[in-house]
Structure formats: structure tokens, C-alpha cells
Amino acid sequence: QVQLVESGGGLVQAGGSLRLSCAASGRIFSSTVMGWYRQAPGKQREKVALITRGDSTDYADSVKGRFTISRDNAKNTVYLQMNSLKPEDTAVYYCYASLGGSWGQGTQVTVSS
């Protein structure tokens, strides 16, 4: 069971970059999987990127080659580096921890054209 707090969202022009952070109250190593999901208005929540304890990663096809998920176990923080952003990336981004099925409150990412 962990509490998650996202930060780093904001407004960026298409082609720009943002780095999201997810700070966990507990050890992120305790979760088999940590990750990022997003939800746009009127859309279902979708997986963006996942990372395992062994640092294996899994990305949605729409973000492969543009986004990178990483973790810093010492800081209990998961990151999402978002490059070459597109307007369709606009959404609220949520951090996820598999231990307890925990979710953060989300951070808004808006990409303008």
C-alpha cells in the first residue's frame, strides 16, 4: 500500500517535452509494477508505460520511441520523460503502483498545436 503524488504536468507546445514525477510514500520496490496511465476527457483510461522491479518496461504503441519510464528506488520516485509531445497526448496522467492497486491524484498535461 503506497500513496502516490504526481507532479510535472503543464502546458507545452507540440514537439516539446515534459518530465513527470511520481513520489511514493513507501518503497516502490515493494510493487511488482509501477506505471503511468492517462485519461483524456470523454476517453477511457489507458496504459502509457509500465516498469517492473527488474526494470523491464512496457509502453503503449502510441508513445513508443517518445516516452521513457524510469525509477529511482532510493528516492521512491518514478518518472516519465515525455518527448516529441503531440496534441493527442493531452490528458490527466496518473501514477500507478501494483501493491494495493494504488493511484495518484493525477497531473494535467496539455499539448497545444
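Residues numbered from 1 in each chain as written. Predicted model: local features only at pLDDT ≥ 70, side-chain atom pairs only at ≥ 80, totals over all residues. Heavy atoms only, no water.

Caption draft 1: How the structure looks around the overall build of the protein chain. Each helix and strand in the protein chain was counted, giving zero helices and 11 strands. Walking the protein chain from its N terminus toward its C terminus, one meets helices and strands in the order β-β-β-β-β-β-β-β-β-β-β. On C-alpha atoms alone, the protein chain measures out to a radius of gyration of 13 Å, which is about the 13 Å that the 2.2 N^0.38 rule sets for 113 residues. A principal-axis box enclosing the C-alpha atoms of the protein chain has dimensions of 40 × 25 × 20 Å. Here the protein chain holds 113 residues, and 42% of them are scored as buried. (Helix = DSSP H or I, 4+ residues; strand = E, 2+ residues; numbered from the N terminus. Rg over C-alpha atoms; globule rule 2.2 N^0.38 Å. Buried < 20%, exposed > 50% of the residue type's maximum accessible area, 1.4 Å probe, protein only.)

Caption draft 2: Spatial organisation of the pattern of salt bridges. Per the counting criterion, the structure on display carries six salt bridges. One salt bridge in this structure joins arginine 38 and glutamate 46, with 2.7 Å as the shortest N-O distance. Owing to a relative accessible area of 5%, arginine 38 belongs among the buried residues under this scheme. According to the relative accessible area criterion, glutamate 46 is partly exposed, its value standing at 34%. Aspartate 89 is the partner of arginine 38 in a salt bridge, and the nearest nitrogen-oxygen pair spans 2.9 Å. Placement of arginine 38 in strand β4 (residues 33-39) and of aspartate 89 in the loop between β8 (77-82) and β9 (91-97) is noted, with a sequence separation of 51 residues between them. Pair check on accessibility: arginine 38 and aspartate 89 agree, each one buried. Beyond isolated ion pairs, a larger network of salt bridges with shared partners links Arg38, Glu46, Arg66 and Asp89. (Salt bridge = Lys/Arg side-chain N within 4 Å of Asp/Glu carboxyl O.)

Caption draft 3: A look at the packing of aromatic side chains. Within this structure, the stated rule accounts for three aromatic pairs. Taking 5.7 Å as the distance between ring centres and 75° as the angle between the ring planes, the aromatic pair formed by tyrosine 37 and tyrosine 96 counts as edge-to-face. Residue tyrosine 37 is found in strand β4, and its partner tyrosine 96 is found in strand β9; the two are separated by 59 residues along the sequence. For tyrosine 37, a relative accessible area of 15% translates into the label buried. Owing to a relative accessible area of 18%, tyrosine 96 belongs among the buried residues under this scheme. Each ring, one from tyrosine 37 and one from tryptophan 103, has its centre 5.0 Å from the other, and the planes form 70°; the classification is edge-to-face. Taken together, the residues span a long stretch of sequence, with tyrosine 37 in strand β4 and tryptophan 103 in strand β10 (residues 102-103) at a distance of 66 residues. A residue is classified by how much of its surface remains accessible, and tryptophan 103, at 30% relative accessible area, is partly exposed. Taken together, the ring pairs in this structure connect Tyr37, Tyr96 and Trp103 into an aromatic cluster. Positioned over the ring face of tyrosine 79 is arginine 19, at 4.0 Å from the centre of the ring. Over the ring of tyrosine 37 we find arginine 45, and its NZ or CZ is 5.1 Å from the ring centre. (Phe/Tyr/Trp six-rings, centres within 6.5 Å; stacked < 30°, edge-to-face > 60°. Lys NZ or Arg CZ within 6 Å of the ring centre and 35° of its normal.)

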